[in-house]
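# Analysis of the macromolecular model
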Amino acid sequence: MNSTKSTFTNIDEYIAGFSEETQVLLQSMRQTIRNAAPEANEKISYMMPTFDLNGNLVHFAAYKNHIGFYPA
């Protein structure tokens, strides 16, 4: 991840800070969540990509050796 950027305003900015390989994985996760909950809104919460549907539905984040998935 781009360590010079400490805040993100949307999921596209978050994903852009990672390597191309990680970006593919994050976009895949994003699309899977979008398909499962098409009415959910995207946002950044707790510095992670988040889908909101009557409150936080799910967060996900990339790390050095894994991608985390955090249902609310």
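Residues numbered from 1 in each chain as written. Predicted model: local features only at pLDDT ≥ 70, side-chain atom pairs only at ≥ 80, totals over all residues. Heavy atoms only, no water.

## Quick notes on the sheet that holds strand S1 (residues 41–45)
Convention followed: Strands qualify as paired when DSSP identifies two bridges or more between them. Strands are runs of DSSP state E lasting at least two residues, helices are runs of H or I lasting at least four, and both sets are numbered from the N terminus onward. Helix axes are fitted only over the stretch in contact, all axes being lines through C-alpha atoms; the angle between N-to-C directions runs from 0 to 180 degrees.
The four strands are arranged S1-S2-S3-S4 in an open sheet whose pairing can be described as antiparallel. Looking at strand neighbours, the two that pair on one side only are S1 and strand S4 (67–71), the edges of this open sheet. Between one strand axis and the next, the sheet turns through 25 degrees on average, direction left out of account. Where strand S2 (residues 48–52) and strand S3 (residues 56–62) come together, three bridges link them in antiparallel fashion. Its bridge partner being in S3, Asp 52 is matched across the sheet by Asn 56.

## Observations regarding unusual backbone geometry
Quick reminder of the rule: A simple rule labels every residue: compare its accessible area, found with a 1.4 Å probe on the protein chains alone, to the largest value its type can have, and call it buried under 20%, exposed over 50%, or partly exposed in between.
If you check the backbone angles, Met 47 has positive phi at about 60 degrees while not being a glycine. Along the chain, Met 47 turns up in the loop between S1 and S2. Since its relative accessible area comes to 38%, Met 47 is described here as partly exposed. One non-glycine residue with positive phi stands out, namely Asn 54, at about 60 degrees. Secondary-structure assignment places Asn 54 in the loop between S2 and S3. A relative accessible area of 80% places Asn 54 in the exposed class.

## Here's the deal with the packing of aromatic side chains
What counts here: Here a pair means two rings of Phe, Tyr or Trp (six-membered ring of Trp) with centres within 6.5 Å. Their orientation is stacked below 30 degrees between planes, edge-to-face above 60, and tilted elsewhere.
For the structure shown, the criterion picks out two aromatic pairs. An angle of 70 degrees between the planes, with centres 5.3 Å apart, marks the rings of Phe 8 and Tyr 14 as edge-to-face. Ring geometry for Tyr 14 versus Phe 18: centroids 5.1 Å apart, planes at 50 degrees, classification tilted. Assigned by exposure class, Tyr 14 and Phe 18 land together as buried. Here a set of aromatic residues connected by ring pairs shows up, and it is made of Phe 8, Tyr 14 and Phe 18.

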